[in-house]
Amino acid sequence: MLLLAPRLPARFVRAPLCLARRAAATAAATKPAQQTQAAEPTLAQRFALSDADHRRLRFQRNIGVSAHIDSGKTTLTERILYYTGRIRDIHEVRGKDNVGAKMDSMELEREKGITIQSAATFCDWDARSPVTGEQEKYAINIIDTPGHVDFTIEVERALRVLDGAVLVLCAVSGVQSQTITVDRQMRRYKVPRISFINKMDRPGANPWRVINQIRTKLRIPAAAVQVPIGVEDQLEGVVDLVRWKAVYNKGIKGVDVVESDEIPASALELATQKRTELVEQLAEVDEEIADLFLNDVSPSTQQLAEAIRRATVGLKFSPVFLGSAIKNTAVQPMLDGVCAYLASPSERDVVAHDTALPANSPPVQLVPAAAAPLVALAFKLEEGRFGQLTYMRVYQGSLKKGQFIFHGRTGKRIKVPKLVRMHSNEMEDIDEIGPGEICAIFGVDCATGDTFTDGTSNYSMTSMFVPEPVISLAIKPTGAETPNFSRALNRFQKEDPTFRVHVDHESKETIISGMGELHLEIYVERMKREYGVACTTGRPQVAFRETVTERAEFAYTHKKQTGGAGQYARVIGHVEPMEVDPESGKDTGFESVVMGGNVPSNYIPAVEKGFYEALEKGTLSGNPISGVRLVLRDGAFHAVDSSELAFRLAAIGAFREAYLKTKPVILEPIMTVEVVAPVEFQSAVIGGLNARRGTIIDSEVREDEFTAVAEVALNDMFGYSSQLRGATQGKGEFSMEYKNHMPVLPNVQVELQEAYRKSLPHNKK
C-alpha cells in the first residue's frame, strides 16, 4: 500500500498534465481571438451620434412626392416651394402664362404637362408641433417624381434614397394603377408614408371612399387626421383632429394660416366621429392607444401624436391629410405632418455589405454620424453643363469639396471638383454636406447604384430594383448617320437603366427597348431636340428563320468552262432535319462519309464552307436556315479543273437544289408571356391572349390578383403593352422571354414569301 500510494497520483497526474498543457496552448491560441472579438466594437459603438448630429438629424426630412399620373404631385410641390419661400410665384403645370411648374424644367415636360424626370430641391419650413403648437425650423429635401408607369425607374431610384414619402391621391379617382405600383415600391424600400388626398374641391370628391380603398387595396391601416370644412367648391379649410382646431387659408394664394378653437357646427359631428375612428385604427397598430381604448380612456393630444408617429415610422399606419393644392388649401398643415410624423435619417435602418467579408456575412448597420467614414450612394445620373451630374445620398460621414473619394466598384480614387445642392435645374454651390443629405457632384464617371467611400472602409450598398424593358422599337436616323446618333443613345442608356440599346445581328437594325411606347417616344423626341438627330422608328424586324421538314437527296455537278482552266466539282449526298445538340446547342451540322478518295480530303472543308454559306439566306424569305444537316457521301473531281472554289460553289448549288425538295417552312420566335393583373380582369386578359393566337399554359389565382402564363408568337405581341393597360385600367403588367422557334401558319408563310419575292429586284439594284 505504501508502494502503491505514490504511484497512483503519478499515473493520474501525467494525463492531466498533458491535457493541461494542451488546454493552456488552446487557451493561449484562442485568447487573442477572444480579445480581438471583444475589442471589435460595432460601427454604432465606435461612432455614436454626437449632440450636434442629433440636433441636425432631428430637424432633417428627406421626402418624395409620388402618385398616379394627374393626381397633382407637381402642383403640390409647387405650393410647398412657394409657402417655404423657395420660389417667388406659383406657376401651374399647364398654366396660361406658359412658364410651367418649377420642378418640370424640361421643355418636353412643360409641353406635354407631365413629369418625365424626377427633380430634387430643398427648403426650410417652420413646422407647428402637434403637441405644443410651437413652431420649429426643419430642413426638407424633396424629390418630385413622375406618375406615368413608363417612367417608373424615376420613382424607384427616388424611393431608394428617401426616408419618407407623401402618397398623393385624387379625391375623385382614389387608388389607381400607378398608386398600387408606387405602394409596391414603398414597401420594397420600407419607406414610411403619409397620404394626401388632393383635389378636394372637385365635384364628386369623396375622401372616405378613398381612405377605405387605401385600407383594402393597398392593405395598410389608415385614418384621416383632418376632416374638410365645406365640400367640393365650398371647401374652406380643414379640422385638425389631433389638436382639435379649425385651420383656414387666408391672404394672397393662401399664404396665411389661421387657426381657430371654434369648430364649425357643420363639421363638428363628422369631426367627432372621425376622431373616434382615428383612435380605433391606431388601437389596432399601437399598444399604448390599445390599452387606453380598452379602458375607455380618451388619449391626450400628446399620446395621439406620438402614437401616429410611432405607427407611421414603424410602417404600420398612414395618416391621411386632405386638401386642394390648386386652390391653395391645407398644404401647410400637410407640411407640418411631414415634419411631425415621418422619419428622420437617424430613425431609418440603413445597411451595407462589407466587401472584405464573405458574401454570406451579416450586413453592417450604418450610422448617420458626421465623424464616421464616408458612405454615399449614387442614385441618378444626368448630363449637365459641366459634364456628368451625379445625384448622391450621403448615408454616413461627410462629403467635402476637393476631397478624395473612392469608387466602390472600380476602386478608383476621385477628387470631388464641384459639390452642389439642386433646386430643380438650378444649382447652389456648397463646400460640405453631412450625413442624411442629398447633393450632386460633377466630373465623376459612375453608374446608377454605385457606392462611394473615403477609402477607409469596403462598404457597398445594395443597388435599386431595375424592371426589365417590355417593348422594343427599331430606330434609324433620317439621312446620313452622325456621331450624335450613337452619342445620344449612349447617354440615355447610361442615365436610364430601363432604356436598353442593341443591334440585332440578324436584321442589322438598331433596337431600343424601354418600359412603354411613351418612354421610347420621349427619347426619340429628345434625340431630335437635344442632339439634332431626327429618327424614324418602326416595328423591329422579327427574327424569322427557315428549316427543312423532310430528307432530300442531291447529286449536283458544278461545271464551268472558261478560256483557261475551268471549274469542275460533283457532290452527292443528302440533306436532313437535325435536332438541337444539347451539349453544343447547335442545330446545324456537316458530315462527310466519303470513301475511296472520290472527293480529295483537301476539298471537303470547301464543301462544308459552301454549306454554311448557303444557310445564311434561305430561298423562302431570305432568313437564316436552321435545324438542318448535310451529309456528303460521294462525288467526283477533275485533276486540272477542280478547286476549292469549285467545290464551295457546288455545295451551295447542291443545297439550294435539295432545299426545295425538303418542304421547307418559315419559323417564328415564340415567347413565354407572363401576365399579372387583378382578378376582375381575368377574362379580358385571357381573351386578349387568345386573340393573339396565344396558348394558355398556366393560370393561378391568388387573393385579389391572378397570373396567366401563355406562349405567344413575338410577331403578335406588338402593341400588347397598350392593349393590356386598356383592358386592365392600367393595373396589369407583363414580362416576356424567348422560348423557341415554331412554324408560322400557312397563310403567314405565303405572305412572307410574297413579300420577299417582291423585294428581290430592289436588292439587285
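Worth saying up front: this structure is predicted, and the values here are computed from it rather than measured.

The next thing to look at is the overall build of the protein. A tally of helices and strands in the protein yields 19 helices and 37 strands. Put simply, of all contacts in the protein between residues at least 6 apart along the chain, 71% involve residues at least 24 apart. When the accessible area of the protein is evaluated, it comes to approximately 36100 Å², of which 52% is carbon and sulfur surface.

The next thing to look at is the nonpolar core. Counting residues in each nonpolar core, the largest one holds 51 residues, and the members touching the most others are Phe 655 and Val 685. Counting residues per element, this core draws most heavily on helix H16 (residues 644-659), at nine residues. Not counting the four nearest positions on each side in its chain, Val 685 is found in contact with Val 675, Ala 677, Phe 706, Tyr 720, Leu 724 and Thr 728. The next biggest cluster of nonpolar side chains, apart from the first, holds 48 residues, and it includes Ala 127, Val 168, Ile 289 and Leu 304.

Our focus in this paragraph is the pairing of strand E27 (residues 510-514). With five of five residues buried, E27 lies mostly within the body of the structure. Burial of the side chains of E27 extends over both faces: Thr 510, Ile 512 and Gly 514 are buried on one face and Ile 511 and Ser 513 on the other. For strand E25 (residues 471-477) and E27, the ladder comprises five bridges, and the chain directions are antiparallel. Looking at E27, one finds that Leu 473 is bridged to Ile 512. Bridging between strand E26 (residues 500-503) and E27 involves four bridges; their strand directions are antiparallel. Bridged to Arg 500 within E27 is Ser 513.

Once that is clear, we can look at the packing of helix H9 (residues 265-285) against helix H10 (residues 287-294). With their axes 6 Å apart at the nearest point, H9 and H10 run at an angle of 125 degrees to one another. Here H9 lies oblique to H10, going by the angle between them. The two elements H9 and H10 meet at a crossing, and its hand is left-handed. Taking contact as the criterion, the partners of Val 279, Glu 280, Leu 282, Ala 283 and Val 285 in H9 are, on H10, Glu 287, Ile 289, Ala 290 and Phe 293.

This paragraph deals with the side chain of Ser 642. Relative to the helices and strands, Ser 642 resides in the loop between strand E33 (628-636) and H16. One polar contact links the side chain of Ser 642 to the main-chain amide nitrogen of His 638, over a distance of 2.6 Å. Ignoring anything within four residues of it in the chain, the contact list for Ser 642 reads Tyr 568, Tyr 603, Phe 637 and Phe 647.

This part is about the pattern of salt bridges. Side-chain pairing between opposite charges can occur once the charged atoms of the two side chains come close. A full pass over the atoms with the stated rule returns 36 salt bridges. Salt-bridge contacts for Arg 633 lead to Glu 553; the nearest nitrogen and oxygen are separated by 2.9 Å. Placement of the pair is Arg 633 in strand E33 and Glu 553 in strand E30 (residues 552-560), with a sequence separation of 80 residues. For Glu 553, a relative accessible area of 36% corresponds to the partly exposed category.

Let's shift gears to the sheet that holds strand E10 (residues 256-260). In space, the four strands of this open sheet follow the order E7-E8-E9-E10, with antiparallel pairing throughout. The sheet is open, and its two edges are formed by strand E7 (226-229) and E10, each paired on a single side. Each strand of the sheet is rotated relative to its neighbour by a mean of 30 degrees, with strand direction disregarded. Two strands pair when backbone bridges link them, and E7 and strand E8 (residues 237-240) are joined in this way by four bridges, in the antiparallel orientation. Across the sheet, Ile 229 pairs through a bridge with Gly 237, a residue of E8.

Basis of the calculations
Residues numbered from 1 in each chain as written. Predicted model: local features only at pLDDT ≥ 70, side-chain atom pairs only at ≥ 80, totals over all residues. Heavy atoms only, no water. Helix = DSSP H or I, 4+ residues; strand = E, 2+ residues; numbered from the N terminus. Contact = heavy atoms within 4.5 Å. Areas by Shrake-Rupley, 256 points an atom, 1.4 Å probe, with all protein chains shown as cover. Core = buried A, V, L, I, M, F, W, Y, C linked by side-chain atoms within 4.5 Å. Buried < 20%, exposed > 50% of the residue type's maximum accessible area, 1.4 Å probe, protein only. Pairing = 2+ DSSP bridges. Axes fitted to C-alpha atoms, helices over the stretch in contact; angles between N-to-C directions. Parallel < 35°, antiparallel > 145°, perpendicular 65-115°, else oblique. Left-handed = near helix turned anticlockwise from the far one by under 90°. Polar contact = N/O pair within 3.5 Å; in protein donor to acceptor, adjacent residues only side chain to side chain. Salt bridge = Lys/Arg side-chain N within 4 Å of Asp/Glu carboxyl O.

None of this, on its own, says anything about what the molecule does.
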